[in-house]
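Structural description and commentary
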Amino acid sequence: MKKKKQEHNKIEYIIEYAGLPVGEHLFEFYIDNAFMQQHYAKPLENNYQITTQIILLKYNHSLQAKIKMNGNISVLCDKCLIQYSY
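Read on for an overview of the structure. It should be emphasised that the depicted structure is a prediction, and the values quoted were computed from it without experimental measurement. (Residues numbered from 1 in each chain as written. Predicted model: local features only at pLDDT ≥ 70, side-chain atom pairs only at ≥ 80, totals over all residues. Heavy atoms only, no water.)

The strand order across the open sheet built from four strands is β1-β2-β3-β4, with neighbouring strands paired in antiparallel fashion. The sheet is open, and its two borders are formed by β1 (23–32) and β4 (83–85), each paired with just one other strand. The mean inter-strand angle of the sheet, taken between neighbouring strand axes irrespective of direction, is 15°. Across twelve bridges, strand β2 (residues 47–58) lies against strand β3 (residues 63–76) in antiparallel orientation. Across the sheet, residue Thr51 finds its bridge partner in β3, namely Asn70. (Pairing = 2+ DSSP bridges. Helix = DSSP H or I, 4+ residues; strand = E, 2+ residues; numbered from the N terminus. Axes fitted to C-alpha atoms, helices over the stretch in contact; angles between N-to-C directions.)

Written out as structure tokens, the structure reads:
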């Protein structure tokens with residue numbers, strides 16, 4: 001999947017599952033600040049770096065999804081206001 005650095009389009013994250021054949025399908029996405037900013041009107045304070053794997057198991061009449069997310073989000077401590085990686 002090709003993605004331009006710091007430019008994201010919501011369409012890149014849509015999985016067209018209706019046309020998939022029966023079986024297991026792996027999709028990988030990278031979620032960062034540019035992606036998250038699409039969902040917020042004001043600037044983000046946190047730094048997102050998340051790798052997401054979605055495994056779709058398609059059967060004749062059903063669909064099963066397994067989602068694995070791994071990464072870091074830097075957030076501000078409520079007490080000392082120092083940014084740390086969560």
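We are not done yet, so read on.
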